[in-house]
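Fold and contact review
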Amino acid sequence: MAEQVQQEVPTETLLLRCKTVFLGEPTVGKSALVSQFHSNMTKYPKAYAMTTGVEICEKEVTTEIQPSNGLINKINFHLFDCGGNELFKDIAAQACPGANVVVYCFNMAKKESFDRVADWVSRFSVSPAHLKKGQLFRAAKTFPVEL
């Protein structure tokens, strides 16, 4: 008779926190990107409402069980959606220290928004304290091109 092997169920959870800051010019899709990630791609804002200051939300993601240690990994994303208007750049600067990831967003249909990414990088990556881990450049808006 075959022996049944009982699989051990992990009893511990490793919780990782990831502070993620979204930066870029106004109307490039930062809020839409955050909203889609937060809602598992079920919500896309139809109407544009300018982000004033910084909007913060949280999303917990459970990863697969790690066979090496039997832990369940959970990542708690703290998402900082920063307003791109010049009025809010000082407020956005206060959100950056301690960030694990900074996502620089731009609109692929507007070259100027891509050109301005360099300004965002130089303004918000001045100090290593602003960024603990990595940077990501993301085109938040794309539009079909007629050939």
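Details of the structure are given in the entry above.
Residues numbered from 1 in each chain as written. Predicted model: local features only at pLDDT ≥ 70, side-chain atom pairs only at ≥ 80, totals over all residues. Heavy atoms only, no water.

1. What to know about the pairing of strand E1 (residues 13-24)
Put simply, the test is: For two strands to pair, DSSP has to find at least two bridges joining them. The way it works is that DSSP assigns letters per residue, a run of H or I at least four long becomes a helix, a run of E at least two long becomes a strand, and they are numbered from the N terminus.
Note: E1 against strand E3 (residues 72-82), 10 bridges, orientation parallel. Looking at E3, one finds that Thr13 is bridged to Ile72. Of the strand pairs in this sheet, E1 and strand E4 (residues 99-107) are connected by five bridges, and their pairing is parallel. Its bridge partner lying in E4, Leu23 is registered against Tyr104.

2. With respect to the side chain of Asn76
Note the cut-off: Each residue's exposure class comes from its accessible area (1.4 Å probe, protein chains only) as a fraction of the maximum for that residue type: buried when under 20%, exposed when over 50%, partly exposed otherwise. Polar contact is defined as a pair of N or O atoms within 3.5 Å, subject to the rule that within protein one atom must be able to donate a hydrogen and the other to accept it, and that residues adjacent in sequence are counted only when both atoms are side-chain atoms. The contact criterion used is simple: two residues touch if any of their non-hydrogen atoms lie within 4.5 Å.
When you line up the elements, Asn76 lands in strand E3. Overall, the relative accessible area of 7% leaves Asn76 in the buried class. In this structure the side chain of Asn76 is engaged in a polar contact, spanning 3.2 Å, whose partner is the side chain of Glu58. Leaving out residues up to four positions away in the same chain, Asn76 has contacts with Leu15, Leu16, Arg17, Cys18, Glu58, Lys59 and Glu60.

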